[in-house]
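One letter stands for each residue in the lines below.
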Amino acid sequence: MKVYADNAATTMMSRTAKEAMMPYFDVVYGNPSSLYSFGQEAKTALEEAREKVAKAINADHKEIYFTSGGSEADNQAILSAAVIGARKGKKHIISTKFEHHAVLHTLNKLEKQGYEVTLLDVHENGVVTAAEVAAAIREDTCLVTVMFANNEIGTIQPIAEIGAVCREKGVLFHTDAVQAVAHVPVDVKAMNIDMLSLSGHKFHGPKGVGALYVKKSIALSNLIEGGAQERGKRAGTENVPAIVGMAAALEESVLHMEENMAKITEMREQLIEGLSKIPHSKLNGDRDMRVPGTVNFCFEGIEGESLLLLLDDAGIAASSGSACTSGSLDPSHVLLSIGLPHEVAHGSLRLSVCEYNTPEEMAHIVENVPKVVEYLRSMSPIWEDLQKGVKEYVIQ
Ligand SMILES: *Cc1c(COP(=O)(O)O)cnc(C)c1O
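What counts, and at which threshold
- Numbers given for residues are sequential positions, taken from 1 along each chain in its written order.
- It should be noted that, the model being predicted, local features are given only for residues of pLDDT at least 70 and side-chain atom pairs only at 80 or more, the latter also being counted only at that level, while totals for whole chains, interfaces and linings use all residues.
- The basis for every side-chain value is the complete set of heavy atoms in the structure, and neither hydrogens nor water enter the calculation.
- What counts as a helix is a DSSP run of H or I of at least four residues, what counts as a strand is a run of E of at least two, and both are numbered from the N terminus.
- Accessible area is worked out with a 1.4 Å probe on protein chains only. A residue is then buried under 20% of its type maximum, exposed over 50%, and partly exposed in between.
- Centres within 6.5 Å make a pair out of two Phe, Tyr or Trp rings, where for Trp the six-membered ring is used; the pair is then stacked when the planes are under 30 degrees apart, edge-to-face when over 60, and tilted otherwise.
- For a Lys NZ or an Arg CZ to count as sitting over a ring, it must be within 6 Å of the ring centre and within 35 degrees of the ring normal.
- Here, strands pair whenever DSSP counts at least two bridges between them.
- Working rule for contacts: check all heavy atoms of both residues, and any pair within 4.5 Å makes them a contact.
- We define a salt bridge as a side-chain nitrogen of Lys or Arg found within 4 Å of a carboxyl oxygen belonging to Asp or Glu.
- Between the N-to-C directions of two axes lies an angle of 0 to 180 degrees, each axis being a line fitted to C-alpha atoms and, for a helix, fitted only over the stretch in contact.
- Here a polar contact is recorded for every N or O atom pair within 3.5 Å, except that within protein the pair must consist of a potential hydrogen donor and a potential acceptor, and residues adjacent in sequence are included only if both atoms are side-chain atoms.
- Nearness is judged by heavy atoms alone; a residue qualifies as near a molecule or strand once a single heavy atom is within 4 Å of it.
- Under the convention adopted here, Pro, Cys and the residues Ala, Val, Leu, Ile, Met, Phe, Trp and Tyr are nonpolar, Asp, Glu, Lys and Arg are charged, and Gly plus all remaining residues are polar.

## Some words on unusual backbone geometry
Here is step 1: A positive phi angle, close to 55 degrees, is found at Asn192, a residue other than glycine.
Here is step 2: Here His204, not a glycine, exhibits a phi torsion of approximately 70 degrees, which is positive.
Here is step 3: Checked against the element boundaries, His204 lands in the loop between strand 7 (195-199) and strand 8 (210-214).
Here is step 4: Exposure remark for His204: the relative accessible area of 3% places this residue in the buried category.

The structure is reproduced here in structure tokens:
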């Protein structure tokens, strides 16, 4: 059996998305900026896609800018807010310790340019509180950027409460909602979100396309200069097939959200129940404040990389929080941010499921992970020390 359980990394494209895209490769292939009908048909498709994306998050179509993905949207949102802040002499930004690197590395860049960044703690449960955000806001704070749902452990942040705090204090609020949009209800108006990033390939759309929502009246800065596409804020001929595919995937996901959430949550619970039986294992992140599909476990005494390779042999595609970033040996900053010691963070496993997975596949995972963990522990010198009492267990 082959089981793809790494949907937080990327997803299979839906048939709906694929079919929606097809005409835009070789039938309606005009440049949306061209005035003849080939171009205008593409332009119409582009604007229909914009309407669909806007509707999915309760925004206005004029508030949607298409980008090359979630990373670009994060960069543009944060750098724009920094420019707006600097004009008013405000150069303080608040974020969290466990953001995606598209956010953290952009903040690092701003720090080098003289901005001050406060990274809030996310605690053992992987959730920041609105009160902590409120307490961190200063006179010179120009932006709060807090992710909607974490990509490694799946915890959801109190976005509406943070939005309310930011609105009250008059501070711009951006959220990286790449793991949330199409998976859980997102409403930029009700949640007082000023800027939001989303990405097509995390919800069965194509890769290399995303969108940035920016509330009217907020002035975006360009990352890419050139033509007047995207109302002059993002140059370059639009990737019409990808944009159309993303919008179709998003529309479909939102339409089926309730049933998908129920189905995916049930499969996730199957995983949590099964894997919690492994001795000295731990579910990372809050038990309940999480997206339907993502679970992350630590298993003491083993190494995530070997776990992944052996699971691959069992036909299971999963992810680990260790060494996954370009061969680095440091454990994930996310797992460290929730207080896991290095050696435990190395033994982590992320499983992320979607509506195309089945309970039979979950059973296959629940059957194989304990076997692989036991096998790896049987060869682990750390596990031997733990068993002999030479070292103490971190996870009871
Ligand atoms: C995947 C992801 C991104 C990056 O999106 P791309 O479209 O791959 O650039 C950003 N933030 C989060 C939380 C993600 O999961």
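## A word on the packing of aromatic side chains
Here is step 1: Across all of its chains, the model carries four aromatic pairs by this definition.
Here is step 2: On the numbers, 5.6 Å between centres and 45 degrees between planes, the contact of Tyr29 with Phe38 is tilted.
Here is step 3: Residue classification places Tyr29 among the exposed residues on the basis of a relative accessible area of 52%.
Here is step 4: Under the relative-accessibility criterion, Phe38 is labelled partly exposed at 41%.
Here is step 5: Their ring planes at 5 degrees and their centres at 5.9 Å tell us that Phe297 and Phe299 sit as a pair that is stacked.
Here is step 6: Looking at Phe299, the relative accessible area reads 0%, which means it is buried.
Here is step 7: For Arg231, the ring lying beneath its charged end belongs to Tyr65, and the centroid distance is 4.4 Å.

## Let's talk about the pairing of strand 12 (residues 348-352)
Here is step 1: Along strand 12, five of the five residues are buried, which leaves the element largely enclosed by surrounding structure.
Here is step 2: Burial of strand 12 is two-sided: the residues Ser348, Arg350 and Ser352 facing one way and the residues Leu349 and Leu351 facing the other way are all buried.
Here is step 3: Strand direction decides the pairing type here: strand 10 (residues 294-299) and strand 12, joined by five bridges, are antiparallel. Residue pairing in the sheet places Asn296 in a bridge with Arg350 of strand 12.

## A few points about the environment of Leu198
Here is step 1: Structurally, the position occupied by Leu198 is in strand 7.
Here is step 2: Sequence separation between Leu198 and Gly210 is twelve residues; the distance between their C-alpha atoms is 5.5 Å.
Here is step 3: Among residues more than four places away in sequence, those in contact with Leu198 are Val53, Gly69, Gly70, Val178, Val181, Phe203, Gly210, Ala211 and Met246.

## Some remarks on the pattern of salt bridges
One side chain can pair with another of opposite charge once the charged atoms of both are near each other.
Here is step 1: Applying the stated rule across the entire model yields 16 salt bridges.
Here is step 2: Residues Glu251 and Lys52 are paired through a salt bridge, measuring 3.4 Å at the closest nitrogen-oxygen approach. Here Glu251, found in helix 8 (residues 240-255), pairs with Lys52, found in helix 3 (residues 37-56); they are 199 residues apart in sequence, far enough to count as distant.
Here is step 3: By relative accessible area, which is 42% here, Glu251 ends up partly exposed.

## Considerations on the sheet that holds strand 6 (residues 172-176)
Here is step 1: Strand order in the open sheet formed by seven strands is 2-8-7-6-5-3-4, with mixed pairing between adjacent strands. Strands with a single pairing partner mark the edges of an open sheet, and in this sheet they are strand 2 (64-67) and strand 4 (116-120). Ignoring which end each strand starts from, the neighbouring axes of this sheet average 20 degrees apart.
Here is step 2: Note: strand 5 (residues 141-145) against strand 6, three bridges, orientation parallel. Residue pairing for strand 6: Thr145 is matched across the bridge by His174.
Here is step 3: Sitting on the sheet, helix 5 (residues 101-112) is in contact with strand 3 (92-96), strand 4, strand 5 and strand 6, with an inclination near 155 degrees to strand 3.
Here is step 4: Contacts between helix 7 (residues 159-169) and the sheet are confined to strand 5 and strand 6, with strand 6 contributing the most and set at about 160 degrees to the helix.

## Thoughts on the environment of Ser337
Here is step 1: Structurally, Ser337 is set in helix 11 (residues 333-337).
Here is step 2: Exposure remark for Ser337: the relative accessible area of 11% places this residue in the buried category.
Here is step 3: As for Ser337 and Leu198, which are separated by 139 residues in sequence, their C-alpha atoms are 23 Å apart.
Here is step 4: Side-chain polar atoms of Ser337 contact the backbone oxygen of Val334, separated by 2.6 Å.

## Observations concerning the site of the ligand
Here is step 1: Ser71, Asp176, Gln179, Ser199 and Lys202 are the nearest of the 13 residues found near the ligand.
Here is step 2: Ser71 is positioned such that a nitrogen or oxygen atom in its side chain is 2.7 Å from an oxygen atom of the ligand.
Here is step 3: For the ligand, an oxygen atom lies 2.7 Å from a polar atom in the side chain of Lys202.
Here is step 4: When residues of the shell around the ligand are assigned to their parent elements, the largest contribution, three residues, is made by helix 4 (residues 70-87).
Here is step 5: Its residues placed into classes, the shell around the ligand shows two nonpolar, eight polar and three charged.

## Overview of the sheet that holds strand 10
Here is step 1: Sheet architecture is open: three strands sit in the order 9-10-12, paired in antiparallel fashion. In this open sheet, the two strands that pair with only one neighbour each are strand 9 (281-283) and strand 12. Each strand axis lies, on average, 20 degrees off the axis of its neighbour in the sheet, ignoring direction.
Here is step 2: As judged from the three bridges shared by strand 9 and strand 10, these two strands associate in the antiparallel manner. Within strand 10, the position partnered with Ser281 by the bridge is Phe299.
Here is step 3: Contacts from helix 9 (residues 257-275) reach strand 9, strand 10 and strand 12, with the element oriented near 10 degrees to strand 10.

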